[in-house]
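# What the coordinates show
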Amino acid sequence: LTLLKMIFFIVFSLSLAIAHSQILGFSCTSSTRFCPNVPSEITCDTTGSIVSWDLSGDIDDQITFGITDPVGTNKTSDQNDVFTAIKTGSTSFILNFTSQIEFDNSLTVTCTDQSDPNTNTNDDSCTIMIYDTPSTSPTIPVPGYTDISFNSVMLSWNSSAEQCIDHYNITVTRNNMNPVDMISDTTSYVYPIDRGVEYCFTVSVVDGANRRGPDSMSQCLTAEVPEVPDITLQPTNYPDNPDDPVEVFINIEQPDSYRPEVLEYIVIHDVNINITPTTITLPSPTTTTTLTGAIRGSVYTIQVQPSNTLGTGNITSATVAIPSVEPPPIITSMSSSMTMTMSTSTTPSPSSETRDTEPGLGGGAIAGIVVGVIVFILIVISIVVGIIIYCVVKGNNGGVKPVYDNDQ
């Protein structure tokens, strides 16, 4: 009786499979692409329990599941053990494989529901297609780093739009010397650096077949401490009482673009009543401050030293003399690491004094005088000529007598 029940069950199951045999879902289509050397899968859902996976092309093999195979059954291809099929449900199957470049356009996978061998529409297939070599590059944003310490830099970049990213290749050149390649599985990389050395970075995508895409735009970095180009010093805010102290205004010229950027400016000065060096700190980006306590007639030294995460730069210093009477002009410091004493004397130099006090005529005045003299001479000449003509005419009229005819 038990044997008859089993036979009846098998016959009944076969009749249902034959009656409803068809492919309900197949995950591989003509537009499906697989990444090389990456675990991949193709799913096949049917209405029957007798299914075969057919591999045709470079590989000629078949993996078949029967109605008696329980859920969870694994089977491997005899021709290529890369392909393994599993029965995940009574009518659901998955073909697992590691995609390879040699499969590209040369291997066709077909899922066939064999429950109804008389039906020609109970299978579905696709040709394995592999993605091409990466063609786009990541983007390194400016400045291209998120952190610089005294001995390392963290380089970061934007993820590429490529589908098959296995890892990123970072190429580093040091002072334009031979490039060195590193590998990162993420979109950042910490690289050791030395001060004063120029580093240039490029990043590219590498897929699972070790095919490398184009390099990104190069991002260069010179890790160095900053230098202050110049300081402007100006005595200001003079009180009415000559014994009261005045102020000194400081303006720090910002350094050129440094990496890492300036964190703070250290100002060392002796502008105070006790004449003792004082240190103040200006956090970046502040570059101005006012010092109080300057005495008229005194000379003070101002020093500025910038710093960043790599350390402190050289000192830029300047001196300023505080005039006793006249408001001082704007005083500008020297270049970095040098000292210049600024003159505040109100006595004009000999050359300027001569130019300001000696009398003299300009070119316009001389021209005017010459024209006046010429006009005066012409007037005198005109008067003299007029007198002479008058005298001649008058003399001629008075000395000539009329001549009469004797017959009259």
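Looking at the protein chain as a whole, its pLDDT mean stands at 80, while 76% of the residues score no less than 70. For the stretch residues 333–363, pLDDT sits under 50, and the model shows 40 contacts to residues farther than four places along the chain or on other chains. Counting interchain partners and residues more than four positions distant, the pLDDT-below-50 stretch residues 399–408 has zero contacts.

A separate point is the pattern of salt bridges. By the definition in use, this model includes six salt bridges. Between K75 and D69 there is a salt bridge whose closest N-O contact spans 3.0 Å. Across the salt bridge formed by D181 and R212, the nearest N and O atoms sit 3.9 Å from each other. Linking D181 in strand 13 (residues 180–184) with R212 in the loop between strand 15 (198–206) and strand 16 (219–222), this pair joins segments that are 31 residues apart in sequence.

Next up on the list: the nonpolar core. Counting 24 residues, the largest nonpolar core has F26, I42, W53, F83, L95 and I128 as the members making the most contacts within it. The residues touching F26, leaving out its near neighbours within four places in the chain, are I42, T43, C44, W53, V109, C111, D124, S125 and C126. Counting residues in hydrophobic clusters, the runner-up holds 21 residues, among them W157, I170, Y191 and Y199.

Tracing the backbone shows R195 in the loop between strand 14 (188–192) and strand 15. Between the alpha carbons of R195 and N151 there is a distance of 7.9 Å; along the sequence they are 44 residues apart. Every residue in contact with R195, bar those within four places of it in the chain, is listed here: A223, E224, V225 and L310. Reaching out from R195, the side chain makes a polar contact with the side chain of E224 at a distance of 3.3 Å.

By definition, a disulfide links two cysteine residues through a covalent bond between their sulfur atoms. Counted according to the given criterion, the structure contains four disulfides. Between the sulfur atoms of C35 and its disulfide mate C164 the distance is 2.1 Å. With the S-S bond torsion at -80°, the cross-link from C35 to C164 turns out left-handed. Taken together, the residues C35 in the loop between strand 1 (23–26) and strand 2 (39–46) and C164 in the loop between strand 11 (152–156) and strand 12 (167–174) connect sequence positions 129 residues apart. The pair C35 / C164 is uniform in exposure class, with both members buried. Bonded cysteines in the protein chain are paired 1-5, 2-6, 3-4, 7-8 when counted in the order they occur along the chain.

Below, the discussion takes up the side chain of S204. Within the secondary structure, S204 is located in strand 15. A distance of 2.9 Å separates the side chain of S204 from the side chain of R212, its partner in a polar contact. Leave out the neighbours within four places in its chain, and S204 touches P138, H167, Y168, N169, R212, G213, P214 and D215.

This paragraph deals with the packing of aromatic side chains. Here the structure, examined in full by the defined rule, presents eight aromatic pairs. Considering the side-chain rings of F65 and F93, the 5.3 Å spacing of their centres and the 40° angle between planes classify their relative orientation as tilted. Highlighted residues: F65 in strand 4 (residues 61–65) and F93 in strand 7 (residues 92–98), separated in sequence by 28 residues. In this pair, the class of F65 matches that of F93, namely buried. Connected via pairs of aromatic rings, a cluster forms that spans F34, F83, F97 and F103. Over the aromatic face of F65 sits the side chain of K75, whose NZ or CZ is 5.1 Å from the ring centroid.

In strand 4, alternate side chains face the same way, and those of D61, I63 and F65 are buried while those of Q62 and T64 on the opposite face are not. Here strand 3 (residues 51–57) runs beside strand 4; their pairing, made up of five bridges, is antiparallel. Bridge assignment links D54 to a residue of strand 4, and that residue is Q62. Taken together, strand 3 and the strand that follows it, strand 4, pair antiparallel across an intervening segment of three residues.

Rules used throughout
- Residues numbered from 1 in each chain as written.
- Predicted model: local features only at pLDDT ≥ 70, side-chain atom pairs only at ≥ 80, totals over all residues.
- Heavy atoms only, no water.
- pLDDT = per-residue confidence, 0-100.
- Contact = heavy atoms within 4.5 Å.
- Salt bridge = Lys/Arg side-chain N within 4 Å of Asp/Glu carboxyl O.
- Helix = DSSP H or I, 4+ residues; strand = E, 2+ residues; numbered from the N terminus.
- Core = buried A, V, L, I, M, F, W, Y, C linked by side-chain atoms within 4.5 Å.
- Buried < 20%, exposed > 50% of the residue type's maximum accessible area, 1.4 Å probe, protein only.
- Polar contact = N/O pair within 3.5 Å; in protein donor to acceptor, adjacent residues only side chain to side chain.
- Disulfide = S-S within 2.5 Å.
- Phe/Tyr/Trp six-rings, centres within 6.5 Å; stacked < 30°, edge-to-face > 60°.
- Lys NZ or Arg CZ within 6 Å of the ring centre and 35° of its normal.
- Pairing = 2+ DSSP bridges.

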